[in-house]
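Next come the chains, spelled out residue by residue.
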2 protein chains.
Amino acid sequence: MTQTFERLDVPPAYQLVFQAIETEIVEGRLNAGDRLPTETAMARQFGVNRSTVREGIRLLEQSGLVRREAGRRLHVSLPHTRELAPRVSRAMVMQRVTFRELWEVAMALEPAAAALAAARISDAALTRLEENVEATRQAVAAGDPVVPLDVEFHALVAEAAGNKALLLCREPMSLLFYPAIRVLFTKSETGRIAQGRLIKAHEILLDALRARDEKTARDWMTRHIVDFKRGYAVRGLDMDAAVDRLSLLAV
Amino acid sequence: MTQTFERLDVPPAYQLVFQAIETEIVEGRLNAGDRLPTETAMARQFGVNRSTVREGIRLLEQSGLVRREAGRRLHVSLPHTRELAPRVSRAMVMQRVTFRELWEVAMALEPAAAALAAARISDAALTRLEENVEATRQAVAAGDPVVPLDVEFHALVAEAAGNKALLLCREPMSLLFYPAIRVLFTKSETGRIAQGRLIKAHEILLDALRARDEKTARDWMTRHIVDFKRGYAVRGLDMDAAVDRLSLLAV
DNA sequence: TCTTGCCCGTTTGTCCGACAATCAGAGCGT
DNA sequence: ACGCTCTGATTGTCGGACAAACGGGCAAGA
């Protein structure tokens, strides 16, 4: 009988450099804030050329594990939501995720975030939410766009939930979902009605959070998200159409 | 009066190369499967050195936007869950996410996934779930580890929900959550009891999905996730301890 | 016909050496 | 103390080079 062999892949040296440094970081021997050695030094240590080290560094850079501070020296850094979320969002767009799919995820996450926030919200966070709601009222009065403020409102609620895993899960969805509802708040009559409902929901949510009332927070957030779906239906928009690439640039 | 200027940052050329190609892909002028030009050709087109192009390619590679097929030529590819989820998981570990945080997210996502799956599951997916539950029964009988099968069960349910956004949100959490519950299923007496409860929950869930019973699916998934928390408490484990780095290697 | 071996142009991975721009810090003058 | 200049270190970019591996064509052998 003939022995079958599985394809053995020889990773190029620059990937080994990447993995070596990545391991140091993940295993905690290099901590956030630490400075990496210079490229030449690492080239000497690894016994490869500086170009090879540089290619490895690019991989680290894109993973968010190292960052180039204002100057030039490389620092180890925590990969942060601001870098990871856009990549996941982009993947969603490329996989032709629909508004319905985003809405379903929002229906799961946003009410949960609201309930957690009600239990844990700090006074500082409450103040920022109050400012946000006030700004939204003014934007509506002035005819300015409300969606950026809506995005902020929900982000603040999620942040107040004090759950870093939730933030990481929610952000990519949020990045696409809220831009996609921009159409619901145009200057038409329907748009004005939708803005009124949005303000009311935010106000009630704010009150519920202030009162540490988990149940009301959860229920009204649910209503609020359901409202977006209804807005879509009322306008005859297709919930099963893929979210557009343009959404990525919107916020 | 003197004009004030804000610091203008000149991105290095390799990042421009990255952005240029990234844009081509995101805007749809380059589609998944397309072959990229050779490095020398791109260097000629961009008017930069091949080394610079290569550094840009490393950034694309790490984003999952291009892939090195078996041979060598670079193909455009959809960034997939398998690449994105581990990065987010790693970020969670580095941010010292606790089991409680993961559990809260699971409490939001898993019941929703179960309900959606009940509405949409295909016969093929049902078959795979049945096989999984059967394999779990055998693993319990044989004393083999059940956690990998549990991970698979929940992944199958999520897949059956037919929601790509949900999959992308859920995966990073799942990658950490299920390894973290491994301790609950040791060979002790408590472990055996926990295994029994797990099997029962999976069986009922399977029946609910087969019957397209959304409510039962959601309720039992909720119970099932609550059970994990109880298991943690019963064993006196600290839910507010950061999930360990080791979890990353576990599955 | 199918396999094997060989040749050849192409492409990637790696290396070497070089240099301008820029930053950090030392030293200096006021 | 403050500002200035000089100097060395470091990064970003370049040009050129070469071995290894691949793809494909072609010929020899079963």
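Residues numbered from 1 in each chain as written. Chains lettered and ligands numbered in written order. Predicted model: local features only at pLDDT ≥ 70, side-chain atom pairs only at ≥ 80, totals over all residues. Heavy atoms only, no water.

- An unreviewed UniProt entry lists chain A under the name Transcriptional regulator, with Caenispirillum salinarum AK4 as the source organism.

## Observations regarding the protein's contact with DNA strand C
Link 1 in the chain: Taken together, 18 residues lie around DNA strand C, and Ala13(A), Asn49(A), Thr52(A), Arg50(B) and Arg54(B) are the ones closest in.
Link 2 in the chain: When the atoms of DNA strand C within 4 Å of the protein are grouped by moiety, sugar and phosphate amount to 68% of the total.
Link 3 in the chain: Between DNA strand C and the protein, one listed contact pairs a base nitrogen with a side-chain N or O atom of Arg50(A) at 3.3 Å.
Link 4 in the chain: In this structure, a phosphate oxygen belonging to DNA strand C sits 3.3 Å away from a side-chain N or O atom of Arg68(B).
Link 5 in the chain: Of all elements in the fold, only helix 1 (13-26) and helix 3 (50-63) of chain A together with helix 3 (50-63) of chain B reach the threshold of two or more residues within the surface near DNA strand C.
Link 6 in the chain: Among the elements that make up the surface near DNA strand C, the one with the highest residue count is helix 3 of chain A (four residues).
Link 7 in the chain: Within the surface near DNA strand C, the residues separate by chemical class into four nonpolar, four polar and 10 charged. (Near = heavy atom within 4 Å. Polar contact = N/O pair within 3.5 Å; in protein donor to acceptor, adjacent residues only side chain to side chain. Helix = DSSP H or I, 4+ residues; strand = E, 2+ residues; numbered from the N terminus. Nonpolar A, V, L, I, M, F, W, Y, C, P; charged D, E, K, R; others polar.)

## With respect to the interface of chain A and chain B
The accessible area lost on association of the parts is a frequent measure of interface size.
Link 1 in the chain: Chain A puts 52 residues into the contact, and the matching count from chain B is 52 residues.
Link 2 in the chain: Carbon and sulfur atoms make up 61% of the surface buried where chain A meets chain B, a total of about 4800 Å² over both sides.
Link 3 in the chain: On the chain A side of the contact with chain B, Arg90(A), Met94(A) and Gln95(A) bury the most area, a combined 13% of that side's loss.
Link 4 in the chain: On inspection of chain A and its partner chain B, the count reaches 10 salt bridges. (Contact = heavy atoms within 4.5 Å. Buried area = accessible area lost by both parts, 1.4 Å probe. Salt bridge = Lys/Arg side-chain N within 4 Å of Asp/Glu carboxyl O.)

## A look at the side chain of Glu22(B)
Link 1 in the chain: Checked against the element boundaries, Glu22(B) lands in helix 1 (residues 13-26).
Link 2 in the chain: In this structure Glu22(B) comes out as buried when scored by relative accessible area, which is 17%.
Link 3 in the chain: The residues touching Glu22(B), leaving out its near neighbours within four places in the chain, are Arg90(A), Leu60(B) and Leu65(B). (Buried < 20%, exposed > 50% of the residue type's maximum accessible area, 1.4 Å probe, protein only.)

## Overview of the relation of the copies chain A and chain B
Link 1 in the chain: Once chain A has been moved 0.0 Å along the axis and rotated by 180°, it coincides with chain B to within an RMSD of 0.1 Å. Such a turn and shift between the copies fits a two-fold axis.
Link 2 in the chain: A symmetric contact is evident, with 98% of the interface residues of chain A recurring at the interface of chain B. (Least-squares fit on C-alpha atoms with pLDDT ≥ 70 in both.)

## Digging into the side chain of Thr136(A)
Residues and elements named next belong to chain A.
Link 1 in the chain: Considering the arrangement of structural elements, one finds threonine 136 in helix 6 (residues 123-142).
Link 2 in the chain: A distance of 2.7 Å separates the side chain of threonine 136 from the backbone oxygen of asparagine 132, its partner in a polar contact.
Link 3 in the chain: Every residue in contact with threonine 136, bar those within four places of it in the chain, is listed here: Leu149, Leu198 and Ile199.

## As for the environment of Arg73(A)
All names here are of chain A.
Link 1 in the chain: Looking at where arginine 73 falls in the secondary structure, it is placed in the loop between strand 1 (66-68) and strand 2 (74-76).
Link 2 in the chain: Judged by relative accessible area, arginine 73 falls into the partly exposed class, the value being 41%.
Link 3 in the chain: Separated by 37 residues in the primary sequence, arginine 73 and leucine 36 have C-alpha atoms spaced 7.5 Å apart.
Link 4 in the chain: Leave out the neighbours within four places in its chain, and arginine 73 touches Arg35, Leu36, Thr38, Arg67 and Arg68.

## A closer look at the protein's contact with DNA strand D
Link 1 in the chain: The environment of DNA strand D is made up of 16 residues, and the closest members are Arg50(A), Arg54(A), Ala13(B), Asn49(B) and Thr52(B).
Link 2 in the chain: Measuring from a phosphate oxygen of DNA strand D, one finds a side-chain N or O atom of Arg58(A) at 3.2 Å.
Link 3 in the chain: Arg68(A) is positioned with one of its side-chain polar atoms (N or O) 3.2 Å from a phosphate oxygen of DNA strand D.
Link 4 in the chain: Residue assignment for the surface near DNA strand D shows that the elements contributing at least two residues are helix 3 of chain A together with helix 1 and helix 3 of chain B.
Link 5 in the chain: Among the elements that take part in the surface near DNA strand D, helix 3 of chain A stands out by supplying three residues, more than any other.
Link 6 in the chain: Of the residues that constitute the surface near DNA strand D, the class distribution is four nonpolar, four polar and eight charged.

## Considerations on helix 10 (residues 214-234) of chain B
Because the α-helix completes a turn every 3.6 residues, residues three or four places apart line up on one side.
Residues and elements named next belong to chain B.
Link 1 in the chain: Between the first and last C-alpha of helix 10 there are 30 Å, a value that for 21 residues agrees with the 30 Å anticipated at 1.5 Å per step.
Link 2 in the chain: For helix 10, the full list of buried residues reads Ala217, Trp220, Met221, His224, Ile225, Asp227, Phe228, Gly231 and Tyr232. Mapping the buried residues of helix 10 onto a view down its axis gives an arc of 140°, with all of them on the same face. Residues of helix 10 that are exposed and point more than 90 degrees away from the buried face comprise Lys215, Arg223, Ala233 and Val234.
Link 3 in the chain: Buried-residue contacts for helix 10 involve helix 5 (99-120), helix 7 (147-160), helix 8 (164-180) and helix 9 (189-210).
Link 4 in the chain: Looking at the residues trailing helix 10, positive phi occurs at glycine 236, about 70°. (Expected span 1.5 Å × (residues − 1). Arc of directions from axis to C-beta.)

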